Amino acid sequence: MIVVYCTLAALAAIGVMLLGHATTRLRRRRVFTATCSGACGGLCLALTALAGALLLNLHTYQRLSYEQPVAQLSFQALADQRFQATLATDNGPPRLFELAGDEFQLDARVLKWHAWANLFGFDALFRLERLSGRYRDIADERTQPRSVVALDAEEPGVNAFALARRLPGWAKAVDARYGSATYVPMADGARYQITLTQSGLIARPANAAARAAIERW
């Protein structure tokens, strides 16, 4: 990308130089050479502007579609509807939890910026809050043992949530503060990659066991 920017800068410089050359030739009444230089210089600047607009559009797409890694969750079956979950993040060693149910649900608090802030590199911020098991059948959900663990006590998170409340001027860049959750089936040996987009959490299967669980879901 740096090479592309340098090329565009060089092309723009050539365009300016050609326009300057055209102006000099025109003062000397060399209309033909002035016209040629002016046309070439204008073409260089037009191409630079077009390429810059395309790069800006591409940059916008990349920022708004960027997915940042949140966690990796893997599961080992302990019994029927009982699983050991291993949660791995960048904030410390993996943690083990025992979950009951057929599916897991990961909850996070999300701070989303306005689109113009995304262009300057401000990606959505998150703080993991809960990991829980859930049952596919509503009757089981009402009668079977529940399992939920708090993550925010161990996740340091970010101070942006407090700043958004205390500094109204700074918070103008904040588009929304909301809770986001994702849930998919648990299965023996399954591993999922959790990412955060500008709109919320996404869980994707990271191995064959997880993909098979999704297909049976």
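Let us look at the structure shown here. (Residues numbered from 1 in each chain as written. Predicted model: local features only at pLDDT ≥ 70, side-chain atom pairs only at ≥ 80, totals over all residues. Heavy atoms only, no water.)

Describing the overall build of the chain
Inclusion rule: The way it works is that DSSP assigns letters per residue, a run of H or I at least four long becomes a helix, a run of E at least two long becomes a strand, and they are numbered from the N terminus. Each accessible area value is a Shrake-Rupley result obtained with a 1.4 Å probe; residue values ignore everything except the protein chains displayed when judging cover.
Along the backbone of the chain there are six helices and nine strands. Within the structure as shown, the chain displays about 12,800 Å² of accessible surface, and the carbon and sulfur contribution to it stands at 59%.

Things to note about the pattern of salt bridges
Close approach of charged atoms lets side chains of opposite charge pair. Worth spelling out the cut-off: The term salt bridge refers to a side-chain nitrogen of Lys or Arg lying within 4 Å of a carboxyl oxygen of Asp or Glu. Buried means the residue's accessible area, taken with a 1.4 Å probe over protein chains only, is under 20% of the maximum for its type, while exposed means over 50%, and partly exposed covers the values in between.
Counted according to the given criterion, the structure contains five salt bridges. The salt bridge partner of Arg82 is Glu98, with a shortest N-O separation of 2.7 Å. Here Arg82 is found in strand β2 (residues 82–88), whereas its partner Glu98 is found in strand β3 (residues 95–100), with 16 residues between them in sequence. The class for Arg82 is partly exposed, based on a relative accessible area of 29%. You can call Glu98 partly exposed: its relative accessible area is 43%. Among the ionic pairs, Glu103 bridges to Arg134, the shortest N-O distance being 2.5 Å. Separated by 31 residues along the polypeptide, Glu103 in strand β4 (residues 103–113) and Arg134 in strand β5 (residues 125–134) bring together distant segments of the chain. Ionic contacts of the salt-bridge type, sharing partners, join the residues Glu103, Arg134 and Arg136 into one network.

Considering the nonpolar core
What counts is decided by this rule: By nonpolar core we mean a set of buried residues, namely Ala, Val, Leu, Ile, Met, Phe, Trp, Tyr and Cys, connected to one another through side-chain atoms within 4.5 Å. For this analysis, residues touch if any pair of their heavy atoms sits within 4.5 Å.
Of all hydrophobic cores here, the largest spans 28 residues; its most connected members are Val70, Leu73, Phe75, Phe104, Leu131, Tyr192 and Ile194. Those elements that provide at least two residues to this core are β1 (68–79), β2, β3, β4, β5, β8 (191–196), β9 (201–205) and α6 (208–216). If near-sequence neighbours (up to four positions away) are discounted, Val70 is found in contact with Thr89, Phe126, Leu128, Ile194, Thr195, Leu196 and Leu201.

Regarding the packing of aromatic side chains
Let me state the cut-off plainly: Pairing of aromatic side chains requires ring centres within 6.5 Å, counting the rings of Phe and Tyr and the six-membered ring of Trp. Pairs whose planes differ by under 30 degrees are stacked, by over 60 edge-to-face, and all others tilted.
Per the counting criterion, the structure on display carries four aromatic pairs. Between Tyr183 and Trp217, the ring centres sit 5.9 Å apart and the planes meet at 85 degrees, which makes this aromatic pair edge-to-face. Of this pair, Tyr183 sits in strand β7 (residues 174–185) while Trp217 sits in the segment after α6, placing them 34 residues apart in sequence. A connected cluster of aromatic rings, assembled from ring pairs, spans Phe75, Phe104 and Tyr192.

A closer look at the environment of Arg95
Tracing the backbone through its elements, the reader meets Arg95 in strand β3. A C-alpha to C-alpha distance of 8.1 Å links Arg95 and Ala85, two positions 10 residues apart in sequence.

Here we look at the sheet that holds β9
Strands pair in a sheet through their backbones, by hydrogen bonds, and they do so in one of two ways: parallel or antiparallel. Condition: Note on pairing: two strands pair once DSSP finds at least 2 bridges between them. The axes are straight lines fitted to the C-alpha atoms, using for helices just the contacting stretch, and the angles between their N-to-C directions are given from 0 to 180°.
Taken in spatial order, the five strands make up an open sheet running β3-β2-β1-β8-β9, and their pairing is antiparallel. Of all strands in the sheet, those bounded by a partner on one side alone are β3 and β9. Averaged over all pairs of adjacent strands, the angle between their axes in this sheet comes to 30 degrees, without regard to strand direction. Bridge count between β1 and β2: seven bridges; the pairing is antiparallel. Paired with Ala77 across the strands is Phe83, a residue of β2. Taken strand by strand, α6 contacts β8 and β9, and its axis lies near 80 degrees from that of β8.

By themselves, these observations are geometric and do not establish any function.
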